[in-house]
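The residues making up each chain are set out below.
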Amino acid sequence: MIEEIELLVIGGGPAGLTSALHAGRYGTETAIVDDAIRPGGQLIKQTHKFFGSKMEYAGTRGFQIAELLLKELSKFNNVKIYDRTTATGYYEDGVITCLRGEKYFKIKPKRVIIATGAFERMIPFVGNDLPGVYGAGAVQTVMNLYGVVPAKRALMVGAGNIGLIISYQLLQAGVEVVAIIEGMDKIGGYQVHSSKVRRMGVPILTRHTIIEAVGEREVEGAIISKIDENWRPIPGTEKRLDVDTICLAVGLSPTIDILRQAGAKIVYIPELGGDVAIRDEFMETTAKGIYVAGDTAGIEEASSAIIEGAIAGISAAKSLGKSIPDFEKQIAKLREELNNLRAGPFGEKIKQGLEKLSRFSI
Amino acid sequence: MRIKKHPILEFKHTRLVPFTFDGKTLYGYEGEPIIAALHDNGVRVLRTSLKLNRPRGLFCAIGHCASCFMIVNGKPNTRVCIEPLREGDVIETQHGKGEFK
């Protein structure tokens, strides 16, 4: 049997939940598919307070934002969540297959919002497959969600916001952070985050990289090295650190598998994290009726994912023929909010990426 | 290791239940991902790689990367990062592709 529905949202993170909320508000029959043990995406492990404005829940901690969104969603009888469910494929007749435990089922929606987020990047070094080398987000998950620390002494690779924030959270959980290393000549993340870890005595070494994870069965150490302007290790500058865990916070790439299957046109935009879908101002891709929002659409932040989710949700509802008062005004306001979020120096890269993307006409 | 004290978070634990890892009885909280219980018990090596037999552990923790495949109750390729722990689970290190048991 195929379940027919107006809107299917794939991914229950900030973008997906918000899009369902905004579509659901106008009576759209909506289902959300999410593969985690509990929905909320990466918000549920984020203990830091958000920036931005009221629209993005500024001042609220990430996991509390997830709770708020889920609570709001539970008020709608026309929105349901398939948790612990993986969307396994998109077929040419518009059917999306899903797997929940041993149960396999099919959904045929009129519209789809793809909000599948991102995955952590890996960098090459000797022993990078050893147990004890983690994506930084993985450590954050087991630590902040389940109260388990995998480490006593950790090395953080990457001084962007994720590397800085998770280093601080490792310290909060009682783990010693031996160092944060960064390949660039400056710290990539916000100063508010770097100051926090520095105050707690963690050195941030710029122009450094990891060249080896030491250990037979598990990580027992790390060899780091200075690098030159061409990112080549400088011989003689190697240093062995005594760590049992190496966290990689070296960037994210959008998860676009389903978009590809659906035939949406994809282009490579480094500023947005890699391969992303071409879309119009309503977040609709070149595959008619299929929208994107959040990190899937380009690596940014949960705040902007929330706004993009709102745009995609309202637009999908509108295209389904729902009556939406002030549609244009609402979209304009959301776009303005996105611009505000991207106004600072950190939004520069995103804006460049979006500018490149806009040259590919839809 | 479990976090004992945290400045922001409070961990509400469910029931402590027994499970086995390669025949050894260990304990974890019901419903938490299997990986959390294993990590708490100091288990980080989860499987060995297909060709070179190298040890593999957790990498992404969100069900995307395939690094944490283990045999759970006879079923190979179970992603233990998003598989909830149940009382009496039989969890085994997976070698290579793993086989149904």
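Criteria and cut-off values
- Each chain carries its own residue numbering, running from 1 in the written order of its sequence.
- The naming scheme follows written order: chains are lettered A onward, ligands numbered 1 onward.
- For this predicted model, a pLDDT threshold of at least 70 governs which residues receive local features, and a threshold of 80 or more governs which side-chain atom pairs are given and counted, while totals over whole chains, interfaces and linings are taken from all residues.
- Strands here are runs of E lasting at least two residues and helices are runs of H or I lasting at least four, both read from the DSSP assignment and numbered beginning at the N terminus.
- Here the globule rule is a power law, 2.2 Å times the number of residues to the power 0.38, and the radius of gyration is based on C-alpha atoms.
- We call a residue exposed when 12 or fewer other C-beta atoms sit within 10 Å of its C-beta, buried when the count reaches 20 or more, and partly exposed for counts in between; the C-beta positions come from the backbone.
- Each residue is represented by a C-beta atom placed from its backbone, and any two residues with such atoms within 7 Å are regarded as in contact.
- Lys, Arg, Asp and Glu make up the charged group, whereas Ala, Val, Leu, Ile, Met, Phe, Trp, Tyr, Cys and Pro make up the nonpolar group; the residues left over, Gly among them, are polar.
- By definition, two strands form a pair when at least two bridges between them are found by DSSP.
- Look down the strands so they point away from you; if the path from the first strand over the helix to the second goes clockwise, the crossover is right-handed.
- For the domain bounds, the source is a domain assignment made automatically or taken from a database.
- Only the stretch in contact is used when a helix axis is fitted, and all axes are lines through C-alpha atoms; the angle between N-to-C directions ranges over 0 to 180 degrees.
- It is the rotation of the near helix from the far one that decides the hand of a crossing: anticlockwise by less than a right angle makes it left-handed, clockwise makes it right-handed.
- In this scheme, a helix's expected span is set at 1.5 Å multiplied by one less than its residue total.

Would you explain the overall build of chain A in this entry?
If you tally the helices and strands in chain A, you get 9 helices and 19 strands. Computed over the C-alpha atoms, the radius of gyration of chain A is 21 Å, within 12% of the 21 Å expected from 2.2 N^0.38 for a compact globule of 362 residues. On the principal axes, the C-alpha backbone points of chain A span a range of 65 × 45 × 35 Å. The buried share of chain A, reckoned over its 362 residues, is 51%. In chain A, the share of contacts with a sequence separation of at least 24, taken over all contacts with a separation of at least 6, comes to 64%.

When you look at the overall build of chain B in this model, what are you seeing that I'm missing?
Looking only at helices and strands, chain B features 1 helix and 8 strands. What you see in chain B, going N to C, is helices and strands ordered as β-β-α-β-β-β-β-β-β. Radius of gyration (C-alpha) of chain B: 14 Å, near the 13 Å computed for a compact globule of 101 residues. Its C-alpha atoms put chain B at 45 × 25 × 20 Å along the principal axes. Counting over 101 residues, chain B shows a buried share of 41%.

Is there a simple way to think about the interface of chain B and chain A in this case?
Accessible area lost upon the coming together of the parts is a frequently used measure of interface size. On the chain A side, the residues contacting the 29 residues of chain B number 27 residues. Among the secondary structure elements, those contributing two or more residues to the side of chain B that touches chain A are helix H1 (34-40) and strand S4 (55-56) of chain B. By residue number, the principal contributor to the side of chain B that touches chain A is H1 of chain B, which donates 4 residues. Each residue belonging to the side of chain B that touches chain A can be placed in one class, and the counts come to 18 nonpolar, 5 polar and 6 charged.

What is the right way to look at the pairing of strand S10 (residues 176-182) of chain A in this model?
The side chains of a regular strand alternate, residue by residue, between the two faces of the sheet. All names here are of chain A. Most of S10 is tucked away, with 5 of its 7 residues classed as buried. When strand S9 (residues 153-157) meets S10, the two strands line up parallel, connected through 5 bridges. Residue pairing across strands places Met 156 opposite Ile 180, the latter belonging to S10. Read from S9 through helix H4 (residues 161-172) to S10, the crossover connection turns out right-handed. Of the strand pairs in this sheet, S10 and strand S11 (residues 204-206) are connected by 3 bridges, and their pairing is parallel. When the bridges of S11 are listed, Glu 182 appears paired with Thr 206. In the classification by handedness, the crossover that spans S10, the intervening helix H5 (residues 191-199) and the parallel S11 is right-handed.

Which parts of the structure should I look at to understand the domain arrangement of chain A?
Residues and elements named next belong to chain A. What the domain assignment lists for chain A is domain 1 (2-119 + 252-358) and domain 2 (123-248). If you look at the interface, domain 1 gives 5 residues, while domain 2 gives 7 residues. Here the side of domain 1 that touches domain 2 is built from residues that sort into 1 nonpolar, 3 polar and 1 charged.

Is there a simple way to explain the packing of helix H1 (residues 14-24) of chain A against helix H7 (residues 302-319) of chain A in this structure?
Between two packed helices, the angle of one axis relative to the other and the distance separating the axes together describe the packing. All names here are of chain A. As a packed pair, H1 and H7 sit with axes 7 Å apart at the nearest point and diverge in direction by 35°. Once H1 is placed against H7, the crossing between them reads as right-handed. In this structure, H1 contributes Pro 14, Ala 15, Gly 16, Thr 18, Ser 19, Ala 20, Leu 21, His 22 and Ala 23 to the contact, and H7 contributes Ala 302, Ala 305, Ile 306, Glu 308, Gly 309, Ala 310, Ala 312, Gly 313, Ile 314, Ala 316 and Ala 317. Its residues placed into classes, the contact of H1 with H7 shows 13 nonpolar, 6 polar and 1 charged.

What's the story with the sheet that holds S4 of chain B in this structure? I'm lost.
Backbone-to-backbone hydrogen bonds pair the strands of a sheet. The strands run either parallel or antiparallel. Residue and element names in this part refer to chain B. If you trace the 3 strands from one edge of the open sheet to the other, you get S4-S3-S8, paired in mixed fashion. Both edges of this open sheet fall to S4 and strand S8 (94-95), since each of them pairs with a single strand only. Alignment of strand S3 (residues 47-48) against S8, held across 2 bridges, turns out to be parallel. The partner of Thr 48 across the bridge, within S8, is His 95.

When you look at the environment of Phe 282 of chain A in this model, what are you seeing that I'm missing?
Residue and element names in this part refer to chain A. Residue placement: Phe 282 occurs in the loop between strand S18 (274-277) and strand S19 (290-292). A count of 15 C-beta atoms within 10 Å places Phe 282 in the partly exposed class. Sequence spacing of Phe 282 and Ile 37 is 245 residues, and the spatial spacing of their C-alpha atoms is 31 Å. Contact partners of Phe 282, with chain neighbours within four places excluded, come to Ile 311 and Ser 315.

Where do I start with H4 of chain A in this structure?
Residues spaced three or four apart along an α-helix point in a common direction, a consequence of the helix completing one turn every 3.6 residues. Residue and element names in this part refer to chain A. Taking 1.5 Å of rise per residue, 12 residues should cover 16 Å, and H4 covers 16 Å from first to last C-alpha, within 8% of that figure. Counting buried residues in H4 gives 9 out of 12 residues, a clear majority hidden from the surface. Ile 162, Gly 163, Leu 164, Ile 165, Ile 166, Ser 167, Tyr 168, Gln 169 and Leu 170 are the residues of H4 that are buried. Phi turns positive, to about 90°, at Gly 174, one or two residues after H4.

Any chance you could explain unusual backbone geometry here in plain terms?
Note: most residues except glycine have negative phi, and most peptide bonds are trans. The backbone phi angle of Met 283 of chain A is positive, close to 70°, even though this residue is not glycine. Tracing the backbone shows Met 283 of chain A in the loop between S18 and S19.

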